[in-house]
Amino acid sequence: MASLKTSAVEMVQAIKKGEITSEELVKSYIEQIKKKEKNVEAFQFFDEELVLAQAKKADALHQAGTHGDLHGVPVGIKDIFDTVDMPTEDGTEIHKENPSLNDCTVVSKLKQAGAIIMGKTVTCELAYYSPGKTKNPYDPNRTPGGSSSGSAAAVASHMVPLAVGSQTNGSVIRPASYCGVVGYKPTRGLISRHLVLQVSRKLDQIGVFSNSVEDAALIS
């Protein structure tokens, strides 16, 4: 099994070289989620069977000679991004178990790159209002920051090596800082916001979380 502290860049290369399979890698992260999630509560939705099915498909594609830039690497998705095979609840009871008809552009591109969508991470209600259930991985009595709290906490807890979030006014860089991970919020418009909950048409932007600058560049 690969170390959970191995960089995403190294994971991609290890899978490409046949040193590890996506299924083996994903199983390592599933075990970490089972170990850490009860205390951190970073995930709003997690389905082990769905994740393993994605990993097996990624390994089959690899055997057939297809290998994307993120092939076989787990990624957490903030629960305001539409995902066709997972509910999108936006952190509110109003949208409880709300199905999505299509993947948002970000998730679609991640899947095209071979990423494994590990689940939906906790967000503040509607990415703006009351905080979610997520606790700071280093001190459960302190906030993980918001609104992309689950994404930052999941990366900090090594439940995923990479995660996606959003920022209107500090919602990527704040939780990244509070949880001690890399948070990158690129220039507005560089990453599509199609089928992502809108808070502000002028200020919303997609961002990413990782444990290194190199890994942030990989997913960006």
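Residues numbered from 1 in each chain as written. Predicted model: local features only at pLDDT ≥ 70, side-chain atom pairs only at ≥ 80, totals over all residues. Heavy atoms only, no water.

## Observations regarding the packing of helix 2 (residues 22-40) against helix 3 (residues 48-63)
1) Next: Contact geometry of helix 2 with helix 3 gives a least axis separation of 8 Å together with a crossing angle of 160°. By the angle between their directions, the pair helix 2 and helix 3 is classed as roughly antiparallel. Our pair here, helix 2 against helix 3, has a crossing hand that is right-handed. The segment helix 2 lies against helix 3, with S22, E23, V26, K27, I30 and K34 engaging E48, V51, L52, A55, K56, A58 and D59.
2) Next: Considering only residue class, the contact of helix 2 with helix 3 consists of 6 nonpolar, 1 polar and 6 charged. (Axes fitted to C-alpha atoms, helices over the stretch in contact; angles between N-to-C directions. Helix = DSSP H or I, 4+ residues; strand = E, 2+ residues; numbered from the N terminus. Parallel < 35°, antiparallel > 145°, perpendicular 65-115°, else oblique. Left-handed = near helix turned anticlockwise from the far one by under 90°. Contact = heavy atoms within 4.5 Å. Nonpolar A, V, L, I, M, F, W, Y, C, P; charged D, E, K, R; others polar.)

## Some thoughts on the packing of aromatic side chains
1) Next: Tallying each qualifying case throughout the model produces 2 aromatic pairs.
2) Next: Between F43 and F46 the ring centres are 6.0 Å apart and the planes differ by 55°, which places this aromatic pair in the tilted class.
3) Next: For F43, a relative accessible area of 4% gives the class buried.
4) Next: F46 sits in the partly exposed class, given a relative accessible area of 27%.
5) Next: On the numbers, 4.7 Å between centres and 85° between planes, the contact of Y128 with Y129 is edge-to-face. (Phe/Tyr/Trp six-rings, centres within 6.5 Å; stacked < 30°, edge-to-face > 60°. Buried < 20%, exposed > 50% of the residue type's maximum accessible area, 1.4 Å probe, protein only.)

## Focus on the environment of A156
1) Next: As for its placement among the helices and strands, A156 is situated in helix 5 (residues 149-156).
2) Next: Sequence spacing of A156 and V172 is 16 residues, and the spatial spacing of their C-alpha atoms is 13 Å.
3) Next: Non-local contacts of A156, meaning those with residues more than four positions away in its chain, are made with P137, Y138, C179 and V181.

## A look at helix 5
1) Next: Most of helix 5 is tucked away: 8 of the 8 residues are buried.
2) Next: Taken as a whole, helix 5 has its buried residues at S149, G150, S151, A152, A153, A154, V155 and A156.
3) Next: In the segment just after helix 5, H158 is the residue with positive phi, at about 60°.

## Points about the pairing of strand 4 (residues 162-167)
1) Next: With 6 of its 6 residues buried, strand 4 lies for the most part within the structure.
2) Next: Residues L162, V164 and S166 of strand 4 are buried on one face, and the alternating residues A163, G165 and Q167, pointing to the opposite face, are buried as well.
3) Next: Sheet topology note: the strand 2 (residues 74-78)/strand 4 ladder contains 3 bridges and is parallel. For I77, the partnering residue across the bridge sits in strand 4 and is V164. (Pairing = 2+ DSSP bridges.)

## With respect to the layout of surface pockets
1) Next: The volume enclosed by the largest pocket comes to roughly 310 Å³.
2) Next: V106, K109, L110, I219 and S220 are, among the 17 residues lining the largest pocket, the residues nearest its centre.
3) Next: Those elements that provide at least two residues to the lining of the largest pocket are helix 4 (105-112), strand 6 (205-210) and helix 7 (213-219).
4) Next: For the lining of the largest pocket, the leading source of residues is helix 4, giving 4 residues.
5) Next: The residue inventory of the lining of the largest pocket, partitioned by class, reads 11 nonpolar, 4 polar and 2 charged.
6) Next: Empty space within the second largest pocket amounts to approximately 250 Å³.
7) Next: Among the secondary structure elements, those contributing two or more residues to the lining of the second largest pocket are helix 3 and helix 4.
8) Next: The element that contributes the greatest number of residues to the lining of the second largest pocket is helix 3, accounting for 4 residues.
9) Next: Tallied by class, the residues present in the lining of the second largest pocket amount to 5 nonpolar, 6 polar and 2 charged. (1 Å grid on protein atoms, 1.4 Å probe; cavity = no way out; pocket = protein on both sides within 12 Å on 5 of 7 lines; lining within 4 Å. Points joined across faces, edges and corners; volume = space filled by probe spheres on them.)

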